Amino acid sequence: QVQLVESGGDLVQAGGSLRLSCAASGRTLSSYTVGWFRQAPGKEREFVAHIRNSGLTGYADFVKCRFTISRDNAKNTVHLQMNSLKPEDTAIYSCAAGSVVIPASLKSYADWGKGTQVTVAS
């Protein structure tokens, strides 16, 4: 089991940037696919981005060219750099890890963090 802790969420103005971090303990995160998901009030949790243990990445259409997912293996951490933030990006962002076949599917991930709040003001 991998323990995951997210950080970096904050209140930011539209057009601003944030970098979220997903720090792992218990196991080496580089062995797993890591995904970022978000859940806005009153909405279902949705896929944002993923990075496989090979380094291959994928993104939801609504964040392409604005968000970048990356690994820092030395720190056992995965980051989500978010640029050009919009009010509709407001949500709780959570990371998840697992031996994943379908990276956009919540059911693919075994371990989840508790999330970090991102609020984008207009």
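Now for a look at the structure at hand. (Residues numbered from 1 in each chain as written. Predicted model: local features only at pLDDT ≥ 70, side-chain atom pairs only at ≥ 80, totals over all residues. Heavy atoms only, no water.)

Side note on the overall build of the protein chain
The criterion, for reference: Each helix is a run of DSSP H or I of at least 4 residues and each strand a run of E of at least 2, with the numbering of both proceeding from the N terminus. To get the radius of gyration, use the C-alpha atoms; to get the globule rule, take the number of residues to the power 0.38 and multiply by 2.2 Å. Think of it in three bands: residues with accessible area under 20% of the maximum for their type are buried, residues over 50% are exposed, and the middle band is partly exposed, with areas taken using a 1.4 Å probe on protein chains only. Every residue pair with non-hydrogen atoms within 4.5 Å of one another is taken to be in contact.
Counting secondary structure elements, the protein chain contains zero helices and 11 strands. Along the protein chain, helices and strands appear, N-terminal first, in the series β-β-β-β-β-β-β-β-β-β-β. For a compact globule of 122 residues, the expected C-alpha radius of gyration is about 14 Å, and the protein chain comes in at 13 Å, within 12% of that figure. Along the first, second and third principal axes, the C-alpha set of the protein chain runs to 40 × 25 × 25 Å. Within the protein chain, the proportion of its 122 residues that are buried is 46%. Relative to all contacts within the protein chain whose residues are 6 or more apart in sequence, the contacts with residues 24 or more apart total 56%.

Here we look at the packing of aromatic side chains
Note the cut-off: In summary, the pairing rule links any two rings of Phe, Tyr or Trp, Trp by its six-membered ring, whose centres are within 6.5 Å, and it sorts them by plane angle into stacked for under 30 degrees, edge-to-face for over 60 and tilted for everything else.
Per the counting criterion, the structure on display carries four aromatic pairs. Both rings, one in F37 and one in Y109, keep their centres 5.3 Å apart while their planes meet at 80°; by these two values the pair is edge-to-face. Remark: Y109 occurs in the loop between β9 (91-98) and β10 (111-112) and F37 occurs in strand β4 (residues 33-39); sequence separation between them is 72 residues. No difference in accessibility class separates F37 from Y109, as the two residues are buried. Aromatic side chains Y109 and W112 sit 6.1 Å apart centroid to centroid with 70° between the ring planes, which places their arrangement in the edge-to-face category. Connected via pairs of aromatic rings, a cluster forms that spans F37, F47, Y109 and W112.

Re unusual backbone geometry
When glycine is set aside, most residues are seen to have a negative phi, and most peptide bonds are trans. For N76, which is not a glycine, the phi torsion comes out positive at approximately 55°. Relative to the helices and strands, N76 resides in the loop between β7 (67-72) and β8 (77-82).

Observations concerning the state of the cysteines
Selection criterion: A pair of cysteine sulfur atoms is labelled a disulfide when the two atoms are within 2.5 Å.
As enumerated under the stated definition, the model contains one disulfide in all. A sulfur-sulfur distance of 2.1 Å marks the disulfide that ties C22 to C95. Between C22 and C95, the S-S dihedral sits near 75°, and the bridge is therefore right-handed. You can see C22 sitting in strand β3 (residues 18-25) and its partner C95 sitting in strand β9, a full 73 residues away along the chain. Taking relative accessible area as the criterion, C95 reaches 0% and is therefore assigned buried.

Remarks on the pairing of strand β1 (residues 3-7)
Two faces belong to every sheet, and in a regular strand the side chains alternate between them. Formally: Here, a strand pair is defined by DSSP locating no fewer than two bridges between the strands.
Residues of β1 alternate between two faces, with L4 and E6 buried on one and Q3, V5 and S7 left unburied on the opposite face. As paired elements, β1 and β3 share five bridges and run antiparallel to each other. Note that in β3 the partner of V5 across the bridge is A23.

Remarks on the pattern of salt bridges
The cut-off we apply is this: By convention in these notes, a salt bridge is any Lys or Arg side-chain nitrogen within 4 Å of a carboxyl oxygen on Asp or Glu.
The full count for this structure, using the stated rule, is three salt bridges. The partner of R38 in a salt bridge is E46, and the shortest N-O contact between them spans 2.8 Å. Salt-bridge contacts for R66 lead to D89; the nearest nitrogen and oxygen are separated by 2.7 Å. With R66 in the loop between β6 (57-59) and β7 and D89 in the loop between β8 and β9, the pair connects residues that are 23 residues apart, well separated along the chain. Residue R66 is classed as buried on the basis of its relative accessible area, which comes to 10%. What emerges from the salt-bridge pattern is a single network uniting R38, E46, R66 and D89.

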